[in-house]
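Observations on the model geometry
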Amino acid sequence: MKGRAFFSILAAIAISLMAAGAAGAVWIATHSPLGLLDGVANAQPEAAVMIPKQAPAMVSLLVNPDRVEALRQAIAPLGRRRAARHEWQQARDAWLTRSGLTYDRDVQPWLGDEVTLAVTTVDIDRDPNNGREPGYLLAAAANDPDRAREFLQLFWQRQALNGINLIFEQYKGVKIVHGEALDLIPRGWAKRLAQGGRVSTQTDLATALVADRFVLAANDPKVLRDAINNIQAADLSLLREPDYQRELAALPPDRLAIAYVNPTALGELLEPATATRRRSKALLPAEWLAALPAHSATLSLKAERSGLVTEAAWVAADGLTLVAAESPLTEPATATRYLPSTATIALSGTNLQQLTQQWQQILGDGPIAQAIGPLLSRVATNSGLNLQNDLLAWNTEDFALGLIPVEVGDRAAERALGEFPGDWVFVARRTPETAAALDRIDALAKQQGLTLGTLNLDSDQLATVWTQLIAPSSAGLMGWRNAGQVSTQVQGARATVGDYEILATSVPALAAAVQAGRDETASLLGDHLWQSVVTTLPVPNDGNVTLSWPAARPVVRRLIPLFRLVEVPLRPLFDRLDRLSFTSEGGPENLRRFSLFAHWTSW
């Protein structure tokens, strides 16, 4: 009996410890910051019910900001955690410090698990004669309505002490307070927005606490009245927009944030206008937004240990019909093995001809296609190629395109296409049409005065090179005796390696591609960083484009003025951004998906 009693007690202790351990594991799983790496299941912004269907844009954080900060602390290297905390607090407090508020004291005690910011309308009063004033709405979930109410009272008391006249009104049972709030725009943003005196750093502000659930703030009381109307007539809200719901359903259910964009309305908002509170120069190419093939797009954001994944779904614009399509690739295209690991831009996929036709259908003759057109025309003119017949027609299998960086001073900058200097490498699997296409390319090279020759890259690999004879600059009819030798300049090279044809803008680039095919450690396929970036993207997909952010950043800054505005408060993050990888996916009729992964050295 004593033995039985002992084992019974021992078993009870073991079961208790196991139960406690399981409970602890559950607690850790649900409370650990790392749990956010799985996202928030089926999270949707509740504030969407306050936003009109025709709103240009909405972005919503679906977790408490403190949890995001805790996650960043948990995955940041030990040596960076203090700096990461400072960067987060600096960005978080930028909107509060100038109004005498602090996050820890005034906001944190009541803030819940949602913060939504929306552009609700292009023009609040819809009167073009008095200029354009967009409507902005901020909705923050309140866990403690009493503390939220105290926060609003304290805020307006401080405005009154600064001499601001406050106006109080009741609208459908909701108390609205409004007046002019002083200097709410962060200094870095205000400096850029106020260039030329077109935007004041002081703004009208209206606030309300709705249903003890949301603290609302807007730049005009009419925006708040419209939000309250939308709550009571939900069919008018974004929440009931069929395309928005269809896009949400097409996205993964686990997410940290949601964004919604109406390209046509946003393009109208960003057009240059004559209103005194508007910039005279658009922050984004407005005509590009207006001509995008999407009626709307919804994006979800999810965290990874090394970066952020954005997945998006968009519904085709009116007049564009997209048939249901399935993506062909479940792993990177085999042709990628021939791209050296040093590539700063890498694009791979399958059936370039079909992919080009699909994007031509999507982009049509809009401004984006018109912007790409001159580049393609320049390529065709300089090379003499008919891109459709000489390049696309035989590329019906997997392919890869890469940009290989070169040493400073190398003339590869002259060979580069567009903004990025370097050598280009194009790889494509051979098809029955390949030999005839290469013969046409060789014939075109001869017509342009180039000489075709062969070159042994090594004992196992033969290459075809297109060269041009260059005479010394001092040569003349009477000066050849002292002019020196005629030099040869390589304009391009190609080689057949197994089932693939490799074309490059220089012999060193071609040799690097051949070596990458032989030695996986020299190839992108053997690059652990590239693999970790690409494998984060969903499958199946249509292929991917990966680029080095340090190389692309100056170009993005020049082409998209809005980026310079966003870059100011988020500079630490952009400074450590390392790679961007993009992929597109198929989808049901008139809906498509794409994904973007942003990789940081540490974030």
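Here is a short report on the structure shown in this document.

Quick notes on the rules
- Residues numbered from 1 in each chain as written.
- Predicted model: local features only at pLDDT ≥ 70, side-chain atom pairs only at ≥ 80, totals over all residues.
- Heavy atoms only, no water.
- Core = buried A, V, L, I, M, F, W, Y, C linked by side-chain atoms within 4.5 Å.
- Buried < 20%, exposed > 50% of the residue type's maximum accessible area, 1.4 Å probe, protein only.
- Helix = DSSP H or I, 4+ residues; strand = E, 2+ residues; numbered from the N terminus.
- Contact = heavy atoms within 4.5 Å.
- Phe/Tyr/Trp six-rings, centres within 6.5 Å; stacked < 30°, edge-to-face > 60°.
- Lys NZ or Arg CZ within 6 Å of the ring centre and 35° of its normal.
- Expected span 1.5 Å × (residues − 1).
- Salt bridge = Lys/Arg side-chain N within 4 Å of Asp/Glu carboxyl O.
- Axes fitted to C-alpha atoms, helices over the stretch in contact; angles between N-to-C directions.
- Parallel < 35°, antiparallel > 145°, perpendicular 65-115°, else oblique.
- Left-handed = near helix turned anticlockwise from the far one by under 90°.
- Nonpolar A, V, L, I, M, F, W, Y, C, P; charged D, E, K, R; others polar.
- Patch = residues over 30% accessible without salt bridge, like charges linked within 9 Å, V, L, I, M, F, W, Y side chains within 5 Å.
- Areas by Shrake-Rupley, 256 points an atom, 1.4 Å probe, with all protein chains shown as cover.

Moving on, we come to the nonpolar core. Counting 33 residues, the largest nonpolar core has M50, M58, L137, L216, L224 and Y244 as its most contacted members. For this core, the elements supplying multiple residues, two or more each, are β4 (135–142), β6 (174–181), β7 (203–210), β8 (214–218), α7 (221–232), α8 (242–250) and β10 (257–261). Beyond its immediate chain neighbours, meaning those up to four positions away, L216 contacts M50, L137, L138, A139, A206, T207, A208, V210, L224 and A227. Judged by nonpolar contacts, the second largest core, of 25 residues, contains A335, I404, A493 and V507.

A full pass over the atoms with the stated rule returns six aromatic pairs. With 5.3 Å between their ring centres and 40° between their planes, W110 and F151 make a pair best called tilted. On the criterion of sequence distance, the pair formed by W110 in the loop between α4 (103–107) and β3 (111–121) and F151 in helix α5 (residues 145–161) is long-range, its members being 41 residues apart. The pair W110 / F151 is uniform in exposure class, with both members buried. Considering the side-chain rings of Y338 and Y500, the 5.4 Å spacing of their centres and the 50° angle between planes classify their relative orientation as tilted. Of the two residues, Y338 sits in the loop between β12 (307–316) and β13 (345–350) while Y500 sits in strand β19 (residues 500–504), which places them 162 residues apart along the sequence. For Y500, a relative accessible area of 4% translates into the label buried. Taking the ring centre of F214 as reference, the NZ or CZ of R213 above it sits at 5.1 Å.

What follows is about helix α17 (residues 507–518). Taking 1.5 Å per residue, 12 residues should reach 16 Å; α17 reaches 17 Å between its end C-alpha atoms and fits that length. If you follow the buried residues of α17, they end up packed against β15 (423–429), β16 (451–458), β17 (461–470), β18 (487–497) and β19.

On to unusual backbone geometry. With omega at -5°, the peptide bond leading from V539 into P540 counts as cis. Counting through the fold element by element, P540 comes out in the loop between α18 (528–534) and β20 (543–548). Phi is positive for K172, close to 50°, though the residue is something other than glycine. With respect to the helices, strands and loops of the structure, K172 is situated in the loop between β5 (167–171) and β6. A positive phi angle is found at N351, which is not glycine, with a value near 55°. Along the polypeptide, N351 turns up in the loop between β13 and α11 (352–363). When its relative accessible area of 18% is taken as the criterion, N351 is described as buried.

Quick look at the pattern of salt bridges now. Scanning the entire structure with this criterion turns up 16 salt bridges. D212 is paired through a salt bridge with R149; the nearest N and O atoms lie 2.6 Å apart. Remark: R149 occurs in helix α5 and D212 occurs in the loop between β7 and β8; sequence separation between them is 63 residues. Judged by its relative accessible area of 31%, R149 is partly exposed.

Now for the environment of V556. Tracing the backbone through its elements, the reader meets V556 in helix α19 (residues 549–559). Look at V556 and you get partly exposed, because its relative accessible area is 24%. Those residues in contact with V556 that lie beyond four places of it in its chain are W549 and F563.

Here we come to the packing of helix α2 (residues 65–75) against helix α3 (residues 81–93). Running from N to C, α2 and α3 point in directions that differ by 155°, and their axes come no closer than 9 Å. Comparing the axis directions of α2 and α3 gives the class roughly antiparallel. Handedness of the α2/α3 crossing: right-handed. Here α2 contributes P65, D66, V68, E69, R72, Q73 and A74 to the contact with α3, which in turn contributes R81, A84, R85, E87, W88, Q89 and R92. Here the residues of the contact of α2 with α3 sort into five nonpolar, two polar and seven charged.

Further remarks concern the environment of A333. The topology assignment puts A333 in the loop between β12 and β13. Taking relative accessible area as the criterion, A333 reaches 3% and is therefore assigned buried. Separated by 211 residues in sequence, A333 and N544 place their C-alpha atoms 9.1 Å apart. Those residues in contact with A333 that lie beyond four places of it in its chain are S348, G349, D398 and F399.

On the surface, V59, L117 and L138 cluster together to form a nonpolar patch covering roughly 240 Å² of accessible area. Examined against the element boundaries, L117 turns out to sit in strand β3.

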